[in-house]
Amino acid sequence: MGRITEDLIRRNAEHNECVIFSLEELSLHQQEIEKLEHIDKWCRELKILYLQNNLIGKIENVSKLKKLEYLNLALNNIEKIENLEGCEGLTKLDLTVNFIGELSSIKTLQHNIHLKEIFLMGNPCADFEGYRPFVVATLPQLKWLDGKEIERSERIQALQNFPVIEQQIREQEKAYCLRRAEDKKEAQRKLQEEQENKEKKSRPGFDGHWYTDITTARPSSVESKDHLQAPEIQEGEYTKKKLDDCEDDLEFWNKPSLFTPESRLETLRHIEKQREDQEKLREKKKKVKLPRTLITEDGKTLNVNEPKLDFSLKDDEKRNQIILDLAVYRYMDTSLIDVDVQPTYVRVMVKGKPFQLVLPAEVKPDSSSVKRSQTTGHLLICMPKVGEVITGGQRASKPVKSTSDHSMEQTNKRTLPDSIPKWLHRF
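Note that the structure is predicted; figures quoted are calculated from it, not measured. (Residues numbered from 1 in each chain as written. Predicted model: local features only at pLDDT ≥ 70, side-chain atom pairs only at ≥ 80, totals over all residues. Heavy atoms only, no water.)

Undergrad: Explain the packing of aromatic side chains to me, please; I cannot follow it from the model alone.
TA: The geometry of an aromatic ring pair is captured by two quantities: the separation of the ring centres and the angle between the planes. Taken as a whole and judged by the stated rule, the model has three aromatic pairs. Relative to Tyr-70, the ring of Tyr-50 lies with its centre 5.7 Å away and its plane at 90°, an arrangement referred to as edge-to-face. One end of the pair, Tyr-50, is in strand S2 (residues 48-50); the other, Tyr-70, is in strand S3 (residues 70-72), and 20 residues separate them in sequence. Taken together, a centroid distance of 5.7 Å and an interplanar angle of 15° make the contact between Phe-134 and Phe-162 stacked. Residue Phe-134 is located in helix H3 (residues 131-138), and its partner Phe-162 is located in helix H5 (residues 162-202); the two are separated by 28 residues in the primary sequence. With relative accessibility at 1%, the residue Phe-134 sits in the buried group. Over the aromatic face of Tyr-70 sits the side chain of Lys-92, whose NZ or CZ is 4.8 Å from the ring centroid. (Phe/Tyr/Trp six-rings, centres within 6.5 Å; stacked < 30°, edge-to-face > 60°. Helix = DSSP H or I, 4+ residues; strand = E, 2+ residues; numbered from the N terminus. Buried < 20%, exposed > 50% of the residue type's maximum accessible area, 1.4 Å probe, protein only. Lys NZ or Arg CZ within 6 Å of the ring centre and 35° of its normal.)

Undergrad: What am I meant to see in the packing of H3 against helix H4 (residues 152-160) here?
TA: The description of two helices packed together rests on the angle between their axes and the distance between the axes. Packing of H3 against H4 brings their axes to within 8 Å, and their N-to-C directions diverge by 95°. Taken as axis vectors, H3 and H4 run roughly perpendicular relative to one another. Only Glu-154, Arg-155, Ala-158 and Leu-159 of H4 make contact with H3, whose side of the interface consists of Arg-132, Pro-133, Val-136 and Ala-137. Residues of the contact of H3 with H4, tallied by class, amount to five nonpolar, no polar and three charged. (Axes fitted to C-alpha atoms, helices over the stretch in contact; angles between N-to-C directions. Parallel < 35°, antiparallel > 145°, perpendicular 65-115°, else oblique. Contact = heavy atoms within 4.5 Å. Nonpolar A, V, L, I, M, F, W, Y, C, P; charged D, E, K, R; others polar.)

Undergrad: Where do I start with the pairing of strand S15 (residues 379-384) in this structure?
TA: On a regular strand, one side chain projects to one face of the sheet and the next to the other, so that they alternate. Within S15, six of the six residues are buried, which leaves it mostly tucked inside the rest of the structure. The two faces of S15 match: Leu-379, Ile-381 and Met-383 on one face and Leu-380, Cys-382 and Pro-384 on the other face are all buried. By the bridge criterion, four bridges tie strand S14 (residues 369-372) to S15 in an arrangement that is antiparallel. Pairing of Ser-369 across the sheet is with Cys-382, part of S15. Taking the residues between adjacent antiparallel strands as the criterion, S14 and S15 are bridged by six residues, where Gly-377 takes a positive phi near 85°. (Pairing = 2+ DSSP bridges.)

Undergrad: Help me understand the environment of Glu-85, please; the structure alone is not making it clear to me.
TA: As for its placement among the helices and strands, Glu-85 is situated in the loop between S3 and strand S4 (92-94). The spacing of Glu-85 and His-111 is 26 residues in sequence and 5.8 Å in space, taken between C-alpha atoms. Beyond its immediate stretch of four places on either side in the chain, Glu-85 contacts Thr-108, His-111 and Asn-112.

Undergrad: Could you clarify how one ought to interpret the sheet that holds strand S12 (residues 345-350) in this entry?
TA: Read from one edge of the open sheet, four strands run S8-S13-S12-S11, paired in antiparallel fashion. A single partner strand is all that each edge strand has here, and the edge strands are strand S8 (304-305) and strand S11 (337-341).

Undergrad: What should I look at first to understand the environment of Lys-64 in this one?
TA: The topology assignment puts Lys-64 in the loop between S2 and S3. The partly exposed category is assigned to Lys-64, whose relative accessible area is 41%. Residues Lys-64 and Asp-40, 24 residues apart in the sequence, show an inter-C-alpha distance of 5.5 Å.

Undergrad: Quick question: what am I supposed to make of the confidence of the model for the protein here?
TA: Note that predicted coordinates carrying low pLDDT should not be read in detail. Considering every residue of the protein, the mean pLDDT works out to 81; 76% of them sit at 70 or more. Low pLDDT, under 50, characterises residues 208-230; the stretch is placed with two contacts to residues that sit more than four places away or in other chains. Predicted confidence for residues 389-427 stays below pLDDT 50, and this span has 55 contacts to residues more than four positions away or in other chains. (pLDDT = per-residue confidence, 0-100.)

Undergrad: Just checking my understanding: could you explain the sheet that holds strand S7 (residues 148-149) for this structure?
TA: Hydrogen bonds between backbone atoms are what pair the strands of a sheet, whose relative direction is either parallel or antiparallel. Ordered by their spatial adjacency, seven strands build an open sheet running S1-S2-S3-S4-S5-S6-S7, and the pairing between neighbours is mixed. Each having just a single partner strand, strand S1 (25-27) and S7 make up the two edges of the open sheet. Pairing geometry for S3 and S4, over three bridges, is parallel. Residue pairing for S4: Tyr-70 is matched across the bridge by Lys-92.

Undergrad: What is the right way to read the side chain of Asp-146 from this model?
TA: Relative to the helices and strands, Asp-146 resides in the loop between strand S6 (144-145) and S7. For the buried Asp-146, no salt bridge exists, and the shortest N-O distance to an oppositely charged side chain is 5.1 Å, to Arg-132. (Lys, Arg positive; Asp, Glu negative; His and termini not counted. Salt bridge = Lys/Arg side-chain N within 4 Å of Asp/Glu carboxyl O.)

Undergrad: I tried to follow the side chain of Glu-117 on my own but got confused; where do I start?
TA: Of note, Glu-117 is situated in strand S5 (residues 117-119). Here Glu-117 is buried and forms no salt bridge, its nearest opposite-charge partner Lys-92 lying at an N-O distance of 4.4 Å. Discounting chain neighbours no more than four positions away, the residues touching Glu-117 are Thr-91, Lys-92, Leu-93, Leu-142 and Trp-144.

Undergrad: For this particular structure, what's the right way to read the pattern of salt bridges?
TA: A side chain of one charge can pair with a side chain of the opposite charge when the charged atoms of the two come close. As enumerated under the stated definition, the model contains 16 salt bridges in all. Here Glu-262 and Arg-180 are joined by a salt bridge, their closest N and O atoms 3.0 Å apart. Pair noted here: Glu-262 is in helix H7 (residues 261-287) and Arg-180 is in helix H5, with a separation of 82 residues, a long-range link. Classification of Glu-262 as partly exposed rests on a relative accessible area of 25%. Connected via shared salt-bridge partners are Glu-79, Arg-180 and Glu-262.

In structure tokens:
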């Protein structure tokens, strides 16, 4: 249910710097509002008020808007014209496509002496015989009715025939009120049936199965197997639930119904329920989301780039080491990065998302080092190979010390060989 709140009004008052007490124009259309409230207390200076395409069932709480000139209440659930006597400056009223059946209720607008234009098309009363002459004769201040100008001759004729027309309108109003009372009873009966069906479905054992408490302990192997299959079972339940919801949705929209305030409210409740169910399903799917496979059951390490980062992998033969340059987000906090170097692969967790790369040769995890550029945010991981190269009786490979200086990163890059193995790629 949508309600008129101070926050809602402020969000729609940006043109007035979100100040509501001096607001002259306010648009609250398509907000699923069911009750008209608070506006006469918070927005006394209003001149134009748009409330079309909501679910408002009664005109109320606007009588203090003395400066209101234009009120749009089209496409709502209003059944009677009332509580507008206090709107002294009202010149235009739009009540298109509502449920006004009491046409005689327009007499309350006789006090609105500045009212020049009114729209009542699409209401049940607009189908009454003598509808237009009755309105023209009842409201002498009107200049336009349903977008059509009222001619002087039309008004004279309406006033002459008014006693007969008024009697016809009263009889048609009475017949409409009887039909409307029956529609309300039918809607109440359907609502009660739906509630009873929901209560039945919520009772245990409704699916036709008998359940008993089994206290016998199951073997641990069976429990572990069930645990492994749980996500698959839950996924199947979600699919079944989705199919059931689709069937219910089709049944609802294919079901014939009258165009009444109750049917509009029923449609809103159905749409709201669909939204809630979809949100619950999304939340459950997030909870049972399976972790990404990094190493297969047979021990094979996979290449994974879930954070979708650019990278380059280089083989520094001169220093006998492998260098990984990972383009981590520049402004990301270093505490959100976790590096794990293994003999055959390297894994970097970036905000919980894994980046994993299989190495072309075995490396020394204990001798590896990591540094991060303060300028670009890139992560440079240096991993010495296990097989050392001997030149001139001395060892050529030395562990690279950890530092955050970007100039050292640039120096190391300049000493890298031009040749890059063909297996290097980006995924």
